[in-house]
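# Structural overview for review
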Amino acid sequence: MKKSDLSQPSRRGRLATAVAMAMAGLQGHTNPTISKAGRLPMSLKRAPREALAMAMRGDSPGDEEGAKRRDFSKGRWSLEGKTALVTGGTRGIGRAVVEELASLGAMAYTCSRNAGELTASLEEWAEKGLRVSGSVCDISSYEQRVELMERATSALGGKLDILVNNAGTNVRKATTDFTPDDVSLVMATNFEAPFHLSQLAHPHLSTSPGGTIVFVSSVAGLVALCSGSLASASKAALNQLTRNLACEWAPHGVRVNAVAPWYTRTSLVEKVLEDAVFTKLIVDRIPLHRIAEPADVAAVVAFLCLPAAAYITGQVVAIDGGMTVNGFYPRSD
Ligand SMILES: NC(=O)c1ccc[n+]([C@@H]2O[C@H](COP(=O)([O-])OP(=O)(O)OC[C@H]3O[C@@H](n4cnc5c(N)ncnc54)[C@H](OP(=O)(O)O)[C@@H]3O)[C@@H](O)[C@H]2O)c1
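Residues numbered from 1 in each chain as written. Predicted model: local features only at pLDDT ≥ 70, side-chain atom pairs only at ≥ 80, totals over all residues. Heavy atoms only, no water.

### Some thoughts on the packing of helix α8 (residues 180-205) against helix α9 (residues 229-249)
Relative orientation of the contacting elements α8 and α9 amounts to 15°, with a least axis distance of 9 Å. Taken together, α8 and α9 sit at an angle that is classed as roughly parallel. Pair α8 / α9 crosses with right-handed handedness. Residues D182, V183, V186, M187, N190, F191, P194, F195, S198, Q199 and H202 of α8 lie in contact with α9, whose contacting residues are L230, A231, S234, K235, A237, L238, L241, L245 and W249. Among the residues making up the contact of α8 with α9, the classes are represented as 13 nonpolar, five polar and two charged. (Axes fitted to C-alpha atoms, helices over the stretch in contact; angles between N-to-C directions. Helix = DSSP H or I, 4+ residues; strand = E, 2+ residues; numbered from the N terminus. Parallel < 35°, antiparallel > 145°, perpendicular 65-115°, else oblique. Left-handed = near helix turned anticlockwise from the far one by under 90°. Contact = heavy atoms within 4.5 Å. Nonpolar A, V, L, I, M, F, W, Y, C, P; charged D, E, K, R; others polar.)

Here it is in structure tokens:
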């Protein structure tokens, strides 16, 4: 064994010591009750959470390397200091995303078309201590999108690290019944808006140390579903945009991903889910056998925005309880 090895306790020894200290609540002190073999006295039951976490990582309290590792791991799982624009944050998935990002430390900005709902949401978030501001905007309007980006970046201190293109819509009809207005509305909201907002965000994202975009797409852009060909095509376009931008903007330091939810309990689909027979058909098709909640989607969006996801780009992540991999495993329990 090298001399340097002798001067340092072994990893196993350090682990035993740290666990014992954690359990004894004696951080930073030698615990005389620990045996040489590192066995723990049964009487030491309670552990301060951080000390126990340190023990599990193999750090001892005064370990400089361990301290560096702790700072690194804290940074990877935090959005502290980051700024985010989330479209359509007053209800459903967008609202859950705003709350998830803000809870992880980000300063968020959002928009919706309904001024009353927006004001009420902003007040609720302020009461919860979440840093969220916002303005009224119809993202299907070119001019309003330009104004939104100006207002958001100004409110966020002149920078933008995260863009979540969430707001979207659907018109459920047979393909033969779609009018030119339906096509304009759905494509303007679901495709033109995220495309244009990404263009507008690019100068900010590319100067951010961790610029990232997440598109809220849909499983309807991956497989054929009976919820309308128009919105499905708009989401499929987003999925391809995700892959193109990921490659085009990787040299600019911008990661681009998408999430593709299946039925998620929001105002967008509440009418559909009122039909118990249809809802049972949906649920029976899902291996995890339930409708998603907005928080299920928000958690994945937040993960994709974190430094911890630094090596993920160009992916469309299905959040569907396994629906899109289910060839034929019917469930009816
Ligand atoms: N729920 C699902 O089952 C499901 C499944 C797959 C994909 N998705 C996608 O998830 C995203 C969010 O859907 P959701 O279910 O959370 O919908 P939601 O409950 O209807 O909420 C949509 C949010 O976006 C806002 N919004 C809608 N159109 C807008 C516009 N033109 N300009 C600005 N804000 C607008 C709404 O506020 P205002 O109405 O006041 O403007 C609201 O805050 C959409 O892109 C949708 O396609 C949803």
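On we go.
### Things to note about helix α12 (residues 294-305)
With twelve residues, α12 should cover 16 Å at 1.5 Å per step; its first-to-last C-alpha distance of 17 Å lies within 8% of that length. Within α12 the residues assigned to the buried category are P294, V297, A298, V301, A302, L304 and C305. In an axial view of α12, the angular spread of the buried residues amounts to 160°, which keeps them on one side of the axis. The inward-facing, buried residues of α12 abut α5 (92-103), β4 (162-165), β5 (212-216), β6 (255-261) and β7 (316-319). (Expected span 1.5 Å × (residues − 1). Buried < 20%, exposed > 50% of the residue type's maximum accessible area, 1.4 Å probe, protein only. Arc of directions from axis to C-beta.)

### Here we look at the pairing of β5
Of all the five residues making up β5, five are buried; the element is thus mostly covered by neighbouring parts of the structure. Going residue by residue along β5, you find T212, V214 and V216 tucked away on one face and I213 and F215 tucked away on the opposite face as well. Bridge count between β4 and β5: four bridges; the pairing is parallel. Pairing of N165 across the sheet is with F215, part of β5. On the question of chirality, the crossover connecting β4 to the parallel β5 by way of α8 is right-handed. Pairing analysis gives five bridges linking β5 to β6, with the strands arranged parallel. Across the sheet, the residue bridging to F215 is A258, located in β6. Since β5 and β6 lie parallel, the crossover through α9 that links them has a hand, and here it is right-handed. (Pairing = 2+ DSSP bridges. Right-handed = clockwise from strand over helix to strand, strands pointing away.)

### Quick look at helix α11 (residues 276-284)
Every buried residue belonging to α11 is among T279, I282, V283 and D284, and all of these are buried. In this fold, the buried residues of α11 make contact with α10 (270-273). The residue sitting at the N-terminus of α11 and contributing the capping side-chain oxygen is D275; that oxygen lies 3.1 Å from the backbone nitrogen of V277. (Polar contact = N/O pair within 3.5 Å; in protein donor to acceptor, adjacent residues only side chain to side chain.)

### So, unusual backbone geometry
For H289, which is not a glycine, the phi torsion comes out positive at approximately 60°. Topologically, H289 is positioned in the loop between α11 and α12.

### Points about the sheet that holds β5
Taken in spatial order, the seven strands line up as β3-β2-β1-β4-β5-β6-β7 in an open sheet, and their pairing is parallel. The sheet terminates laterally at β3 (132-136) and β7, the two strands that pair on one side only. Shown here is a sheet whose adjacent strand axes are inclined to one another by a mean of 20°, direction ignored. The sheet strands contacting α8 are β1 (83-87), β4 and β5, and the helix crosses β4 at an angle near 180°. Lying over the sheet, α9 contacts β5, β6 and β7, oriented at roughly 170° with respect to β5.

### Let's talk about the pattern of salt bridges
Applying the stated criterion to the full structure yields twelve salt bridges. E117 serves as the salt-bridge partner of R91, at 2.7 Å between the closest nitrogen and oxygen. One end of the pair, R91, is in the loop between β1 and α5; the other, E117, is in helix α6 (residues 115-128), and 26 residues separate them in sequence. Its salt-bridge partner being R95, residue E124 comes within 2.8 Å of it at the nearest N-O pair. Of this pair, E124 sits in helix α6 while R95 is found in helix α5, placing the two residues 29 residues apart along the sequence. The network of salt bridges with common partners includes R95, E99, E124 and K128. (Salt bridge = Lys/Arg side-chain N within 4 Å of Asp/Glu carboxyl O.)

### Re the environment of S206
With respect to the helices and strands, S206 occurs in the loop between α8 and β5. We classify S206 as partly exposed; its relative accessible area is 25%. Separated by 46 residues in sequence, S206 and H252 have C-alpha atoms that sit 5.4 Å apart. If we ignore the near neighbours within four places in the chain, the residues touching S206 are H252 and V254.

### A few points about the packing of α5 against α12
Here α5 crosses α12 at 50°, and the two axes come no closer than 8 Å. Between α5 and α12, the crossing angle belongs to the class labelled oblique. The two elements α5 and α12 meet at a crossing, and its hand is right-handed. Contacts between α5 and α12 pair G92, I93, A96, V97, E100 and L101 from the former with P294, A295, V297, A298, A299, V301, A302 and C305 from the latter. Tallied by class, residues from the contact of α5 with α12 come to twelve nonpolar, one polar and one charged.

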